[in-house]
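Results of the structural survey
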Amino acid sequence: MKILDQYILKRFLYNFFSSFFILIVIFIFQGIWLFIDDLAGKGLGIVIIGKFIFYFIPTLIDKVLPLTVLLSSILTFGTFAENYEFAAMKASGISLQRGMRSLIVFVLFLGVVTFFFANNVIPKSEQKMFNLRRNIAKVKPAAAITEGVFSDFEGTAQGMNIKVDKKHGDQDRFLDNVIIHKKTNQNINNVVIKAKSGELISSEESDIIQLVLKEGNYYEEVEPKDANDKRKQPFAKSDFESYTINIDISELNDQDLEEDQNITTNKMKNVSRLIKDIDSLRINNLEKVEAFSKNVVNRMGAFPPKILEDTTKQQAEKVKPVKAKTAKKDSITNIDELIASLENIEQIQVMKKAQSDVSSILNTVESKKVELQSRYKFYNSHILSLHQKYALALSCIILFFVGAPLGAIIRKGGLGLPMVIAIVLFLTYYFIGVFAGNYAKEGNIHPAIGAWLSTLIMLPLGISLTKRATADKGLLGFGHIIDRIKAIFKKKDKDSED
């Protein structure tokens, strides 16, 4: 039996590592296209690009590994069934489960390794890749400018945001339709510069990069001392044919491309860090909601706080009994009667004040709603990442029990039909996971369900296929239905003959 286990395991490992290598290469080339603008034509050395690819590979494991397990199991057991090796094993009294025993042990070990990888290697890789891109953008300022959006020039003495419609030329040095927001020491944008074109001029010997702008306008807010002049919001405007901005990059010359910045996203955190941050985010979000609700209630004035009387003074002072006076009953019982008791001008004033207060509260609620949605989306993404680490490890085990019996049923080896079936099943699994994850981040479903949904859908499929393969049944159990239909037609033919 040990010889049989070694033979099956050897065949599976060959298919496993072959599939893994092919798929990782395919996904690397597919992923590089996402970052081609950050790498190509920026004057980066082959070592930096190699580091980027090295850090990028572990981030592909969540896609490559489940597909590899599924494909290799279909290939292995499909080849066994096609070459009648399963038939020989069954004739010798060896069941499918007994033949899968060595592979089950391997897949369980693979699940543990996958969880360790997802918990330790992938977060560190995400952090390294993020910081490498960030530091490349600092060393190569042209790389920091992204077309169509405002980009920060980080690490320089001049704080500014730059937006360009298009970059072109050698190392993207030429810029079209440039908009610059310059910042003050208080990080306030008080200067706006617009130009039809621009050019980045730099030299390896110099610590200064020149940004030469052509045909543009310069706007600057003026800060008057008089309060009345401030209401007019004065500004200065000038036109220019050519305007040069010198950017000091001396602080960037010693920039370490391997420098680690703060961990900012949920993908860069391991399980212990995620659990800690989830708890703190939950508490912080609840505090924000409670503080905002109290603020709105106080602004509405609908529920004035009850003022507690000092009971100690009441006990200390002996109040002489007085004759009780009957309080006059309030003749106004509702809002309509209150409004009717006022003059027309007072009614208008009350209505306008109420309308203004309601409008102000609604605007505050709408703006706060966006902030709270963003906060809870960030909170949900942490819960989702936590459960995805466990789901990834379990998915490798479940997809093996989908692929192995499926290969035994279809009885086909090679890279033809098994590859097609594996890709279809994986795309189903992957897209269910993507859609469920997006719904979970938006709060439409619980993040735990979003992380586990695709894996839980594959679980009954794996159980069903394993039962059918053990019982030597086909992929679809429609045979008995077809036989019944044939029997009905045969009976009708006999009745017609009679």
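Residues numbered from 1 in each chain as written. Predicted model: local features only at pLDDT ≥ 70, side-chain atom pairs only at ≥ 80, totals over all residues. Heavy atoms only, no water.

**A word on the overall build of the chain**
Within the chain one finds 16 helices and 7 strands. In the chain, which comprises 498 residues, the proportion classed as buried is 34%. Once local pairs closer than 6 in sequence are excluded, the contacts in the chain between residues at least 24 apart make up 69%. Element-wise, carbon and sulfur atoms account for 59% of the exposed surface of the chain, whose accessible area totals about 31,500 Å². (Helix = DSSP H or I, 4+ residues; strand = E, 2+ residues; numbered from the N terminus. Buried < 20%, exposed > 50% of the residue type's maximum accessible area, 1.4 Å probe, protein only. Contact = heavy atoms within 4.5 Å. Areas by Shrake-Rupley, 256 points an atom, 1.4 Å probe, with all protein chains shown as cover.)

**Quick word on the nonpolar core**
Counting residues in each nonpolar core, the largest one holds 57 residues, and the members touching the most others are Leu 60, Leu 70, Ile 74, Phe 77, Phe 86, Phe 400 and Leu 406. Of all the elements in the fold, those that place two or more residues in this core are helix 1 (2-32), helix 3 (46-56), helix 4 (61-82), helix 5 (85-91), helix 7 (101-139), helix 13 (344-410), helix 14 (417-441) and helix 15 (447-470). Leave out the neighbours within four places in its chain, and Leu 70 touches Leu 399, Val 402, Gly 403, Ala 422, Leu 425 and Phe 426. Val 164, Ala 195, Ile 245 and Ile 247 belong to the second-largest nonpolar core, a separate cluster that totals 18 residues. (Core = buried A, V, L, I, M, F, W, Y, C linked by side-chain atoms within 4.5 Å.)

**Some words on the packing of aromatic side chains**
Per the counting criterion, the structure on display carries 17 aromatic pairs. For the ring pair Phe 240 and Tyr 243, a centre distance of 5.4 Å and an interplane angle of 40 degrees mean the geometry is tilted. Residue Phe 240 is classed as buried on the basis of its relative accessible area, which comes to 11%. With a centroid separation of 5.4 Å and an interplanar angle of 80 degrees, the aromatic rings of Phe 400 and Phe 401 are classed as edge-to-face. When its relative accessible area of 0% is taken as the criterion, Phe 400 is described as buried. Look at Phe 401 and you get partly exposed, because its relative accessible area is 26%. (Phe/Tyr/Trp six-rings, centres within 6.5 Å; stacked < 30°, edge-to-face > 60°.)

**Considering the packing of helix 14 against helix 15**
Contact geometry for helix 14 and helix 15: axes closest at 7 Å, N-to-C directions at 155 degrees. Between helix 14 and helix 15, the angle is such that the two are roughly antiparallel. Relative to helix 15, helix 14 is oriented so that their crossing is right-handed. Where helix 14 abuts helix 15, its residues Leu 425, Tyr 429, Ile 432, Gly 433, Ala 436, Gly 437 and Ala 440 lie against Pro 447, Gly 450, Leu 453, Ser 454, Thr 455, Ile 457, Met 458 and Leu 461. Considering only residue class, the contact of helix 14 with helix 15 consists of 10 nonpolar, 5 polar and no charged. (Axes fitted to C-alpha atoms, helices over the stretch in contact; angles between N-to-C directions. Parallel < 35°, antiparallel > 145°, perpendicular 65-115°, else oblique. Left-handed = near helix turned anticlockwise from the far one by under 90°. Nonpolar A, V, L, I, M, F, W, Y, C, P; charged D, E, K, R; others polar.)

**Notes on the environment of Leu 23**
Among the secondary structure elements, Leu 23 is positioned in helix 1. Of the residues examined, Leu 23 reaches a relative accessible area of 8% and is grouped as buried. Those residues within four positions of Leu 23 in sequence are excluded, and the remaining contacts are Val 64, Leu 67 and Thr 68.

**Things to note about the packing of helix 4 against helix 13**
It is at 7 Å that the axes of helix 4 and helix 13 come closest, and there the two elements cross at 25 degrees. The orientation of helix 4 with respect to helix 13, classified from their angle, is roughly parallel. The chirality of how helix 4 crosses helix 13 is right-handed. Between helix 4, through Asp 62, Leu 65, Pro 66, Val 69, Leu 70, Ser 73, Ile 74, Phe 77, Gly 78 and Ala 81, and helix 13, the contact on the second element is made entirely by Leu 392, Ser 395, Cys 396, Leu 399, Phe 400, Val 402, Gly 403, Ala 404, Leu 406, Gly 407, Ala 408 and Ile 410. The class makeup of the residues in the contact of helix 4 with helix 13 is 16 nonpolar, 5 polar and 1 charged.

**Some remarks on the pattern of salt bridges**
Under the counting rule described, the total for this entry stands at 9 salt bridges. A salt bridge links Asp 62 to Lys 63; its shortest N-O distance comes to 3.9 Å. Residue Glu 371 pairs with Arg 375 through a salt bridge whose shortest N-O separation is 3.4 Å. On the criterion of helical spacing, the pair formed by Glu 371 and Arg 375 is a turn pair, its members being 4 residues apart in helix 13. A relative accessible area of 31% means that Glu 371 is categorised as partly exposed. (Salt bridge = Lys/Arg side-chain N within 4 Å of Asp/Glu carboxyl O.)

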